[in-house]
Amino acid sequence: MQPQLIFGHGSLILGIESSCDETSAAVVRNGTEVLSNVVASQLIHADYGGVVPELASREHLRAIVPVVREAMHRASAAAGHPVTYSDLAAIAVTEGPGLAGALLVGITFAKSLAFGTNLPLIAVNHLEGHIHAVLMNTTELSSRPESASFADEAERPVVQPATLSPLLALVVSGGHTHLYLATRTPHSTWHYRNVGKTLDDAAGEAFDKVAKLLGLPYPGGPWMDALAAHGDPKAVPFAATQIKTKATGNTAPKLAREDLTHADQTRFDLSFSGIKTAVRRYVELHHMQEAIANRTKNLQATGLAKGKPNNPETLQQALAFFDPETLNLIASFQASVTGYLTRTTLAAAAHYGAEGLLISGGVAANSELRRRLTTEAARHGLPIAFPTIALSTDNAAMIAAAAFPKLLARQFADATLEPTPQLRLG
Ligand code: KG4
Ligand code: ZN
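Conventions used here
Residues numbered from 1 in each chain as written. Chains lettered and ligands numbered in written order. Predicted model: local features only at pLDDT ≥ 70, side-chain atom pairs only at ≥ 80, totals over all residues. Heavy atoms only, no water. Donors = N, O, S within 2.8 Å, 3.2 Å for Na, K, Ca; no water. Tetrahedral: all angles 85-135°; square planar, octahedral: opposite > 155°, others 65-115°. Buried < 20%, exposed > 50% of the residue type's maximum accessible area, 1.4 Å probe, protein only. Helix = DSSP H or I, 4+ residues; strand = E, 2+ residues; numbered from the N terminus. Expected span 1.5 Å × (residues − 1). Core = buried A, V, L, I, M, F, W, Y, C linked by side-chain atoms within 4.5 Å. Contact = heavy atoms within 4.5 Å. Near = heavy atom within 4 Å. Polar contact = N/O pair within 3.5 Å; in protein donor to acceptor, adjacent residues only side chain to side chain. Areas by Shrake-Rupley, 256 points an atom, 1.4 Å probe, with all protein chains shown as cover. Nonpolar A, V, L, I, M, F, W, Y, C, P; charged D, E, K, R; others polar. Salt bridge = Lys/Arg side-chain N within 4 Å of Asp/Glu carboxyl O. Pairing = 2+ DSSP bridges. Axes fitted to C-alpha atoms, helices over the stretch in contact; angles between N-to-C directions. Arc of directions from axis to C-beta. Parallel < 35°, antiparallel > 145°, perpendicular 65-115°, else oblique. 1 Å grid on protein atoms, 1.4 Å probe; cavity = no way out; pocket = protein on both sides within 12 Å on 5 of 7 lines; lining within 4 Å. Points joined across faces, edges and corners; volume = space filled by probe spheres on them. Right-handed = clockwise from strand over helix to strand, strands pointing away.

In this section: the coordination of the zinc ion (ligand 2). Here the zinc ion (ligand 2) is held by His126 (NE2), His130 (NE2) and Asp394 (OD), and the distances to it run 2.1 to 2.2 Å. Coordination at the zinc ion (ligand 2) is irregular, judged from the four donor atoms that bind it and the angles of 93 to 145° they form at the metal. The class of histidine 126 is buried, set by a relative accessible area of 3%. Accessibility expressed as a relative area gives 14% for aspartate 394, which makes it buried.

Now the structure itself:
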């Protein structure tokens with residue numbers, strides 16, 4: 001079958017994402033216009049303080065049919081006419097990286113749907129999806145100023161980052177902390193080269209682990225962000241040895257198992273385990289354990305643990321369970337980690353002559369990281385773009401967006417597609 005590319009109403013791609021603990025489906029037109037983006041977050045993991053893979057698969061199985069149906073329904077409402085499967089140009093699905101069982105649910109569903117509807121199937125790397133969450137926004141900038149993802153309107157560059165190349169992309173989430181040099185190919189697809197990654201914990205994982213250590217609910221990143229505003233970021237000076245760029249130069253690629261074919265092997269790898277241990281030591285040294293145990297109990301008893309920290313009322317009530325010492329520790333941790341990410345990203349961009357910065361992944365929602373990166377990028381005269389907060393964390397719109405150049409290049413998957421939990425990019 002030669003798949004039909006539909007350009008009458010634009011090319012509509014149904015994206016499906018199930019790599020971790022969010023079941024998501026979205027319909028995106030021409031890789032940029034989000035008609036629907038339904039995300040079902042699995043709240044069940046909060047009771048366990050982290051994602052339980054078996055539970056994630058079970059929840060994906062429960063959610064996938066209603067989530068896809070809702071995405072199609074909302075797409076119809078947004079388009080102003082019924083959107084049926086026959087109006088789609090392709091079905092895109094996350095191939096990896098992620099949890100094997102979780103990925104399997106999305107892939108099996110997408111394959112069956114593609115088979116049943118006679119539509120082409122497109123496999124998308126989750127990390128490429130995160131990068132496209134930003135590109136999707138930036139190409140919309142001129143026509144939809146309200147969706148502008150530049151932190152400061154006045155600083156918005158004349159040239160949009162989506163037209164620049166190469167770009168330095170930081171993908172920073174609960175599972176990944178990667179730096180990529182993203183270059184446009186003559187076919188308008190993208191080529192990625194990994195120039196840095198964490199050698200131990202991901203930045204979001206460090207946020208979540210430190211949050212858990214201090215008695216905060218899961219996922220801890222958004223709580224840390226909200227609470228940090230109430231502490232002194234200079235109170236706990238983490239030593240430079242606890243947080244530093246681990247390896248650069250030509251020994252690093254072997255360590256990181258990355259591509260060795262490039263002439264310039266300089267890498268910008270990171271490490272977050274040192275600062276996590278430093279926080280644990282600080283807690284022990286300052287005898288904070290009892291207060292932490294009480295906090296965990298109180299946040300659960302009051303139901304605040306299930307609340308959202310970006311709700312001012314929830315945050316205000318939760319603050320009653322925090323002493324200044326803990327708030328200072330949280331603010332200092334956040335300042336240290338975001339400063340480290342900022343310095344490393346800017347150093348990699350300068351070294352490889354990047355023309356702009358793309359920041360994506362769950363931790364890209366962090367207000368301090370956005371502030372620091374925006375300031376530093378402006379100081380270096382580099383355009384920078386973030387996804388909207390909704391597109392920062394896992395979602396299927398970014399998968400459908402990343403699939404669009406592959407649709408144009410006719411890069412289709414077949415019925416043998418399987419989950420690749422360790423799938424790499426670049
Ligand atoms: O991209 P994502 O939804 O899933 C992964 O692919 O991992 O990212 C989730 C991660 C979690 O670790 C969460 O704590 C973190 O992003 N996160 C944040 C913030 N919002 C989400 N970390 C720091 N500050 C935030 N505001
Ligand atoms: Zn992700």
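So much for the structure itself; the text now carries on.
For an α-helix, 3.6 residues make a turn, and residues three or four places apart therefore share a direction. The end-to-end C-alpha distance of helix α10 (residues 324-351) is 40 Å, a good match for the 40 Å that 28 residues give at a rise of 1.5 Å each. Two residues or fewer past α10, glycine 353 is found with a positive phi of approximately 60°.

Moving on: the nonpolar core. Leu168, Leu216, Leu227, Leu329, Phe333, Leu341 and Leu357 are the most contacted members of the largest nonpolar core, which totals 60 residues. No other element matches the eleven residues that α10 contributes to this core. With residues up to four places along the chain from it excluded, the contact list for leucine 357 reads Leu168, Thr345, Leu346, Ala349, Ala377, Leu382, Pro383, Ile384 and Ala385. In terms of nonpolar packing, the next biggest core, distinct from the first, is built from 28 residues, Leu14, Val68, Met72 and Leu113 among them.

Surveying the vicinity of ligand 1 reveals 17 residues, the closest of which are Gly174, Asp208, Asp225, Asn366 and Asp394. Residue glycine 362 places a main-chain N or O atom 3.0 Å away from an oxygen atom belonging to ligand 1. Taking 560 Å² as the accessible area of ligand 1 by itself, protein coverage stands at 89%. Looking at the shell around ligand 1, the elements that each hand over two or more residues are α3 (126-138), α4 (203-213) and α5 (220-228). Element by element, the count of residues in the shell around ligand 1 is highest for α5, at three residues. For the shell around ligand 1, a count of residues per class yields four nonpolar, ten polar and three charged.

We now examine the pattern of salt bridges. For the structure shown, the criterion picks out 13 salt bridges. The closest approach of N and O atoms between glutamate 70 and arginine 74, which form a salt bridge, is 2.8 Å. Linking glutamate 70 with arginine 74, this pair stays in helix α1 (residues 53-79), spanning four residues, or about one helical turn. What makes glutamate 70 partly exposed here is its relative accessible area of 29%. Judged by its relative accessible area of 41%, arginine 74 falls in the partly exposed class. Each of Asp201, Glu205, Lys209 and Lys276 takes part in a single network of salt bridges with overlapping partners.

A word on the sheet that holds strand β3 (residues 33-41). In sheet architecture, strand pairing relies on hydrogen bonds along the backbone and comes in two forms, parallel and antiparallel. Strand order in this open sheet of five strands is β3-β2-β1-β4-β5, and the pairing throughout is mixed. At either margin of the open sheet sits one strand with a lone partner, and together these are β3 and β5 (121-125). Here the average twist between neighbouring strands, direction ignored, is 20°. Note that strand β2 (residues 22-29) and β3 share eight bridges and pair antiparallel.

With that out of the way, let us pick up helix α9 (residues 312-319). The set of residues buried in α9 consists of Thr314, Leu315, Ala318 and Leu319. Projected down its long axis, α9 carries its buried residues within an arc of 130°, all on one side. Facing away from the buried surface of α9 by more than 90 degrees, the exposed residues are Pro312, Glu313 and Gln316. Elements that come into contact with the buried residues of α9 comprise α5, α8 (289-301) and α10. A distance of 2.9 Å separates the backbone nitrogen of glutamate 313 from a side-chain oxygen at the start of α9, and that oxygen is part of asparagine 311.

A few words on the environment of threonine 84. Positionally, threonine 84 belongs in the loop between α1 and β4 (88-96). Exposure remark for threonine 84: the relative accessible area of 37% places this residue in the partly exposed category. Taking C-alpha positions, threonine 84 is 7.1 Å from methionine 72, a pair spaced twelve residues apart along the chain. A distance of 2.9 Å separates a polar atom in the side chain of threonine 84 from a polar atom in the side chain of serine 86.

Another point: the packing of α4 against α10. Across the interface, α4 lies against α10 with an axial gap of 12 Å and an inter-helix angle of 175°. As summarised for this structure, α4 and α10 are arranged roughly antiparallel, according to the angle between their axes. From α4, Ala203, Ala206, Phe207 and Val210 reach across to α10, where they touch Phe333, Gln334, Val337 and Leu341. Each residue belonging to the contact of α4 with α10 can be placed in one class, and the counts come to seven nonpolar, one polar and no charged.

Moving on: the layout of surface pockets. Of the pockets and cavities examined, the second largest pocket occupies roughly 430 Å³. Contributing to the lining of the second largest pocket are 23 residues, with Gly175, His176, His178, Lys197 and Gln422 lying nearest its centre. When contributions to the lining of the second largest pocket are tallied by element, the ones reaching two or more residues are β7 (177-184) and β8 (190-197). A class-by-class count of the residues in the lining of the second largest pocket yields eight nonpolar, eight polar and seven charged.

Along strand β9 (residues 357-360), one buried face is formed by Leu357 and Ile359 and the opposite face, lined by Leu358 and Ser360, is buried too. Pairing of β9 with strand β10 (residues 384-385) involves two bridges; the strand directions are parallel. Looking across to β10, one finds that leucine 358 is bridged to alanine 385. Following the backbone out of β9, through helix α11 (residues 367-379) and into the adjacent parallel β10, one traces a crossover that is right-handed.

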